[in-house]
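Okay, here's what each chain looks like letter by letter:
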Amino acid sequence: GAVVSQHPSRVICKSGTSVKIECRSLDFQATTMFWYRQFPKQSLMLMATSNEGSKATYEQGVEKDKFLINHASLTLSTLTVTSAHPEDSSFYICSAPRTVGDAQYFGPGTRLLVL
Amino acid sequence: AQRVTQPEKLLSVFKGAPVELKCNYSYSGSPELFWYVQYSRQRLQLLLRHISRESIKGFTADLNKGETSFHLKKPFAQEEDSAMYYCALRETSGSRLTFGEGTQLTVNP
């Protein structure tokens, strides 16, 4: 299957700082990538859809100025958590379909801890 | 709005026993349904999708539009099947997924 990577796998930061998470499609080009958030023992909640060359589409209740998404190339989407606070601590996961209509392939996730 | 319900958060069976993980959905159109699995400390991975009508690792799932269900079944559970299972719905090709809450399956020896 297709391979999606994320970097870093884990990050700890101080409250008020910004954190950037990268999502890369390693063996295919992804015009669309998806960003999810997962709290402990809970399901994945879609945050936004990242579109290459255009603005991301955010789900209701997700602050676009708080969670900046940039999809600058066909293999890379970044999620920046700006002015992070402890309540932003979570597991962030990205995914991408290899082609339109394909199933989504998931990255390994990034665990963010804001102190 | 679409919704996916997995009524069992936890499911425990013995090795060799049949297992069924339930999934119900609500959606007015024709959805595409998936089952994803997450083994301990691993990423989420696709198990099967209804349009493929495949059997992966002995698991099958049939879309029942009348009952709006997509239950996952395996006749003889194995210990290595222990994992978190998520049912997901996609409205149209290329669009986003809506996940159920997940079912933690434990297969005891």
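Before reading further, recall that the structure is shown in the block above.
In what follows, the accompanying structure is described. The structure presented is a predicted model; accordingly, all values stated were derived computationally and were not measured.

## A few points about the layout of surface pockets
Computed from the structure, the largest pocket encloses a volume of approximately 790 Å³. Residue lining of the largest pocket: 24 residues in total, with A:Q38, A:K41, A:R111, B:Q38 and B:R41 positioned closest to the centre. Taken together, the residues that form the lining of the largest pocket break down as 9 nonpolar, 8 polar and 7 charged. The calculated volume of the second largest pocket comes to roughly 430 Å³. Along its surface, the second largest pocket is lined by 18 residues, and A:L44, A:M45, B:Q2, B:T98 and B:F99 are the ones closest to its centre.

## Quick look at the interface of chain A and chain B
Interface size is commonly expressed as the accessible surface area that is lost when the partners come together. Facing the 17 residues of chain A at the interface are 17 residues of chain B. Carbon and sulfur atoms make up 52% of the area that chain A and chain B hide from each other, which totals about 1,500 Å². Summed over the shared surface of chain A and chain B, the result is 2 salt bridges. Among the salt bridges present, the one from B:R49 reaches A:D102, with a minimum N-O distance of 3.6 Å.

## What about the packing of aromatic side chains?
All names here are of chain B. Within the structure shown, the criterion is met by 9 aromatic pairs over all chains. Considering the side-chain rings of Y36 and F99, the 5.9 Å spacing of their centres and the 55° angle between planes classify their relative orientation as tilted. Placement of Y36 in strand β5 (residues 32-38) and of F99 in strand β10 (residues 97-99) is noted, with a sequence separation of 63 residues between them. Take Y36 and F99: they sit in the same class, and that class is buried. Geometrically, the ring pair formed by Y86 and F99 is edge-to-face, given 6.2 Å between the ring centres and 90° between the ring planes. Here Y86, found in strand β9 (residues 83-90), pairs with F99, found in strand β10; they are 13 residues apart in sequence, far enough to count as distant. Owing to a relative accessible area of 2%, Y86 belongs among the buried residues under this scheme.

## What about the state of the cysteines?
Taken as a whole and judged by the stated rule, the model has 2 disulfides over all chains. Between the sulfur of A:C23 and that of A:C94 lies a disulfide, 2.0 Å long from S to S. Judged by the torsion about the S-S bond (80°), the A:C23/A:C94 disulfide is right-handed. Placement of the pair is A:C23 in strand β3 (residues 19-25) and A:C94 in strand β9 (residues 90-97), with a sequence separation of 71 residues. One disulfide bridge connects B:C23 with B:C87, the sulfur atoms lying 2.0 Å from each other. For the disulfide bridge between B:C23 and B:C87, the dihedral angle about the S-S bond is near -65°, and by the sign convention the bridge is left-handed. Pair noted here: B:C23 is in the loop between β3 (19-21) and β4 (24-26) and B:C87 is in strand β9, with a separation of 64 residues, a long-range link. In this structure, B:C23 and B:C87 share a single accessibility class: buried.

## Things to note about the sheet that holds strand β8 (residues 72-74) of chain B
All names here are of chain B. One open sheet accounts for 3 strands, arranged β3-β8-β7; its pairing is antiparallel. Looking at which strands have only one partner, the edges of the open sheet turn out to be β3 and β7 (60-61). Pairing of β7 with β8 involves 2 bridges; the strand directions are antiparallel. Looking at the pairing, A61 lines up with L72 of β8.

Rules of the game
- Residues numbered from 1 in each chain as written.
- Chains lettered and ligands numbered in written order.
- Predicted model: local features only at pLDDT ≥ 70, side-chain atom pairs only at ≥ 80, totals over all residues.
- Heavy atoms only, no water.
- 1 Å grid on protein atoms, 1.4 Å probe; cavity = no way out; pocket = protein on both sides within 12 Å on 5 of 7 lines; lining within 4 Å.
- Points joined across faces, edges and corners; volume = space filled by probe spheres on them.
- Nonpolar A, V, L, I, M, F, W, Y, C, P; charged D, E, K, R; others polar.
- Contact = heavy atoms within 4.5 Å.
- Buried area = accessible area lost by both parts, 1.4 Å probe.
- Salt bridge = Lys/Arg side-chain N within 4 Å of Asp/Glu carboxyl O.
- Phe/Tyr/Trp six-rings, centres within 6.5 Å; stacked < 30°, edge-to-face > 60°.
- Helix = DSSP H or I, 4+ residues; strand = E, 2+ residues; numbered from the N terminus.
- Buried < 20%, exposed > 50% of the residue type's maximum accessible area, 1.4 Å probe, protein only.
- Disulfide = S-S within 2.5 Å.
- Pairing = 2+ DSSP bridges.

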